Amino acid sequence: MGWFPEFPGPFPIEAMYGKVGLYLVAFLIGLAFGYILEIGGFGNSTKLAAQFYLKDMTVFKVMFTGIVVAMVLIFGASGLGLLDYNRVYVNPTYLWPGIVGGLIMGFGFIIGGF
Amino acid sequence: MMDGTVKKQPKPFANPYAAGVLLGVVLFVAFLLTGSGLGASGPLNRYLVYLEDKIAPEHVNRVPYLINYAGGDKNPLDNPFTFLGIGVVAGGFLSGLIHHRLRFETNKGPRINNQTRWLMAFLGGILMGYGARFARGCTSGQGLSGGAVLSVGSWAFLLAVFVGAYALAYSLRRLWI
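What's the story with the overall build of chain A in this structure? I'm lost.
The number of helices and strands found in chain A is 4 helices and 0 strands. Counting from the amino terminus, helix and strand elements in chain A follow one another as α-α-α-α. In terms of overall dimensions, chain A is more spread out than a globule: its C-alpha atoms have a radius of gyration of 18 Å, far above the 13 Å expected for 114 residues. Here the C-alpha coordinates of chain A stretch approximately 50 × 30 × 25 Å along the principal axes. Here chain A holds 114 residues, and 50% of them are scored as buried. Contacts in chain A between residues far apart in sequence, at least 24 positions, make up 54% of those at least 6 positions apart. As displayed, chain A offers around 5,400 Å² of accessible surface, 73% of which is attributable to carbon and sulfur atoms.

Okay, structure coming up:
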């Protein structure tokens, strides 16, 4: 039981505003995501690669601050009954594919710079 | 510039912790409104499958993974991620415009030429794309989003990305420093 049981998100945007509404919301979320990545310096691959030569820790700082802040907000909202965690998409764990794919992406990051 | 003034200097990047907090808020809003997080390889994957379906529909209709996206009359672009991807590009462009950082440039270390950098970018891109599908998501969809909702697999993935990059960084330092 939460404080706001009448509004348990995620909000059914598609049911409320149709597909166009959902796609517009997705576009706006993407817009904010792209804007924030750019102001953080993620548009510059030299800056990104510098993370792995310990010359610029931006990637680490931005990513893990983002993860921790989102985590606190998600579980906080879930505790308050604003967000129904059971309806949130949690990536299923495929341990070895994740690890092997992650290593390949890490190699790709250094070779390609993104 | 209409008034003929000198090109404005690019503004400095935001404080990384401030950018991180904003990123976290947007990620939370994405979960609150849509129930799923952010993604970068997901949208790209959909654009690619769309092209694949135009070029070789028989192939798409034979592969279970692709059928899921574009089997029969299914349009892989008919999905919110398609628009999220467009938004990311538009948002990055908008920020570049506002902060005077828009320009054509090749970001590389001082010891290699542009040609090498472009070739390596292409090769690295292949690995990034392959790795992202192998791991069922990229640093955004699997790492950032899965990390925030405490998926065990996502944390293992994130760790692997950093381990992989740090492991290879020294051998390829010529590319960047």
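Read on for the rest.
What exactly am I supposed to notice about the interface of chain A and chain B here?
How big an interface is tends to be reported as the loss of accessible area on association of its parts. Each partner contributes to the interface: chain A provides 81 residues, whereas chain B provides 92 residues. Taking both partners together, chain A and chain B bury about 7,400 Å²; carbon and sulfur atoms supply 78% of that area. When the shortest N-O distance is used, the salt bridge between Lys-19 of chain A and Asp-78 of chain B registers 2.8 Å. At the junction of chain A with chain B, the criterion picks out 23 residue pairs in polar contact (both at pLDDT 80 or more).

Is there a simple way to explain a nonpolar patch on the surface in this structure?
Together, Leu-95, Trp-96 and Val-100 of chain A together with Tyr-130, Phe-134 and Val-152 of chain B make up a nonpolar patch on the protein surface, roughly 620 Å² of accessible area in all. Contributions of two or more residues to the nonpolar patch are made by helix H4 (95–112) of chain A together with helix H6 (114–134) of chain B. Ranked by residues supplied to the nonpolar patch, first place goes to H4 of chain A with 3 residues. With respect to the element layout, Val-152 of chain B can be found in helix H8 (residues 152–169). Exposure remark for Val-152 of chain B: the relative accessible area of 56% places this residue in the exposed category.

So what exactly am I meant to see when it comes to the domain arrangement of chain B here?
Residues and elements named next belong to chain B. For chain B, the assigned domains read domain 1 (14–103) and domain 2 (107–177). Between the C-alpha centres of domain 1 and domain 2 there is a distance of 18 Å. Listed as interface residues are 12 residues of domain 1 and, on the opposing side, 10 residues of domain 2. At the boundary of domain 1 with domain 2, total buried surface from both sides reaches about 710 Å², with 67% on carbon and sulfur atoms. Seen at the junction of domain 1 and domain 2, the total is 0 salt bridges.

Would you mind showing me how to read the packing of helix H3 (residues 58–80) of chain A against helix H7 (residues 139–148) of chain B here?
For any two helices packed against each other, the geometry is given by the interaxial angle and the distance between the axes. The geometry of H3 of chain A relative to H7 of chain B is characterised by a closest axis approach of 7 Å and an angle of 45° between their N-to-C directions. Overall, the two elements H3 of chain A and H7 of chain B adopt an arrangement that is oblique. On the side of H3 of chain A, the interface is formed by Met-63, Ile-67, Ala-70, Met-71, Ile-74 and Phe-75 of chain A, while H7 of chain B contributes Thr-139, Gly-143, Leu-144, Gly-147 and Ala-148 of chain B. When the residues that make up the contact of H3 of chain A with H7 of chain B are grouped by side-chain class, the tally is 8 nonpolar, 3 polar and no charged.

Before we go on, may I ask you to explain the domain arrangement of chain A in this structure?
According to the domain assignment, chain A consists of domain 1 (1–39) and domain 2 (42–112). For domain 1 of chain A and domain 2 of chain A, the distance between their C-alpha centres works out to 20 Å.

Parameters at a glance
Residues numbered from 1 in each chain as written. Chains lettered and ligands numbered in written order. Predicted model: local features only at pLDDT ≥ 70, side-chain atom pairs only at ≥ 80, totals over all residues. Heavy atoms only, no water. Helix = DSSP H or I, 4+ residues; strand = E, 2+ residues; numbered from the N terminus. Rg over C-alpha atoms; globule rule 2.2 N^0.38 Å. Buried < 20%, exposed > 50% of the residue type's maximum accessible area, 1.4 Å probe, protein only. Contact = heavy atoms within 4.5 Å. Areas by Shrake-Rupley, 256 points an atom, 1.4 Å probe, with all protein chains shown as cover. Buried area = accessible area lost by both parts, 1.4 Å probe. Salt bridge = Lys/Arg side-chain N within 4 Å of Asp/Glu carboxyl O. Polar contact = N/O pair within 3.5 Å; in protein donor to acceptor, adjacent residues only side chain to side chain. Patch = residues over 30% accessible without salt bridge, like charges linked within 9 Å, V, L, I, M, F, W, Y side chains within 5 Å. Domains from an automatic or database assignment. Axes fitted to C-alpha atoms, helices over the stretch in contact; angles between N-to-C directions. Parallel < 35°, antiparallel > 145°, perpendicular 65-115°, else oblique. Nonpolar A, V, L, I, M, F, W, Y, C, P; charged D, E, K, R; others polar.

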